[in-house]
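# A structural walkthrough
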Amino acid sequence: MISYDPLWKTMKEKGVTTYTLIYKMGFSAYTITNLKRNKSITMNTMEKLCKVLQCTPNDIVMFLED
């Protein structure tokens, strides 16, 4: 199972909100909804998140056993 809990922690630490991602960084609201629901995202989206947050994928996603 995918969890984006590290993403929310990283965003809080860096002072980035979902509003910022959508309206200032060009992420779609659909993508943010997928993140909130722990749904899969593309590697392109992962790369964009890493660039915006200046972090690694480990700071965005973690995998949990079912």
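Residues numbered from 1 in each chain as written. Predicted model: local features only at pLDDT ≥ 70, side-chain atom pairs only at ≥ 80, totals over all residues. Heavy atoms only, no water.

## Focus on the overall build of the protein chain
Scanning the protein chain for helices and strands turns up four helices and two strands. Reading the helices (α) and strands (β) of the protein chain from amino to carboxyl end gives β-α-α-α-α-β. In terms of overall dimensions, the protein chain is globule-like: its C-alpha atoms have a radius of gyration of 11 Å, near the 11 Å expected for 66 residues. With the C-alpha coordinates aligned to their principal axes, the bounding extent of the protein chain is approximately 35 × 25 × 20 Å. When burial is assessed residue by residue, the protein chain has 35% of its 66 residues classed as buried. Element-wise, carbon and sulfur atoms account for 53% of the exposed surface of the protein chain, whose accessible area totals about 4700 Å². Distance from the positive charge centre (9 side chains) to the negative charge centre (6 side chains) of the protein chain: 12 Å. (Helix = DSSP H or I, 4+ residues; strand = E, 2+ residues; numbered from the N terminus. Rg over C-alpha atoms; globule rule 2.2 N^0.38 Å. Buried < 20%, exposed > 50% of the residue type's maximum accessible area, 1.4 Å probe, protein only. Areas by Shrake-Rupley, 256 points an atom, 1.4 Å probe, with all protein chains shown as cover. Lys, Arg positive; Asp, Glu negative; His and termini not counted. Charge placed at Lys NZ, Arg CZ, Asp CG, Glu CD.)

## Points about the packing of aromatic side chains
Here the structure, examined in full by the defined rule, presents one aromatic pair. Directly above the ring of phenylalanine 27 sits lysine 48, whose terminal nitrogen or CZ lies 4.9 Å from the centroid. (Phe/Tyr/Trp six-rings, centres within 6.5 Å; stacked < 30°, edge-to-face > 60°. Lys NZ or Arg CZ within 6 Å of the ring centre and 35° of its normal.)

## A short note on helix H1 (residues 5-14)
Given 3.6 residues per helical turn, the α-helix brings residues three or four places apart onto the same face. Within the span of H1, buried status applies to Pro6, Leu7, Thr10 and Met11. An end-on view of H1 places all buried positions within 135 degrees of arc, on one side of the element. In H1, the exposed residues that point more than 90 degrees away from the buried face are Lys9, Lys12 and Glu13. Buried residues along H1 sit in contact with strand E1 (2-3), helix H2 (18-24), helix H3 (29-36), helix H4 (43-53) and strand E2 (62-63). Within two residues after H1, glycine 15 carries a phi angle of roughly 75 degrees, on the positive side. (Arc of directions from axis to C-beta. Contact = heavy atoms within 4.5 Å.)

## Comments concerning the nonpolar core
With 16 residues, the main nonpolar core has Tyr4, Leu7, Leu21, Leu35, Leu49 and Ile60 as its most contacted residues. Mapped onto this core, the elements with two or more residues apiece are H1, H3 and H4. For leucine 49, the contacting residues outside a window of four places in its chain are Leu7, Leu21, Phe27, Leu35, Ile41, Cys55 and Ile60. (Core = buried A, V, L, I, M, F, W, Y, C linked by side-chain atoms within 4.5 Å.)

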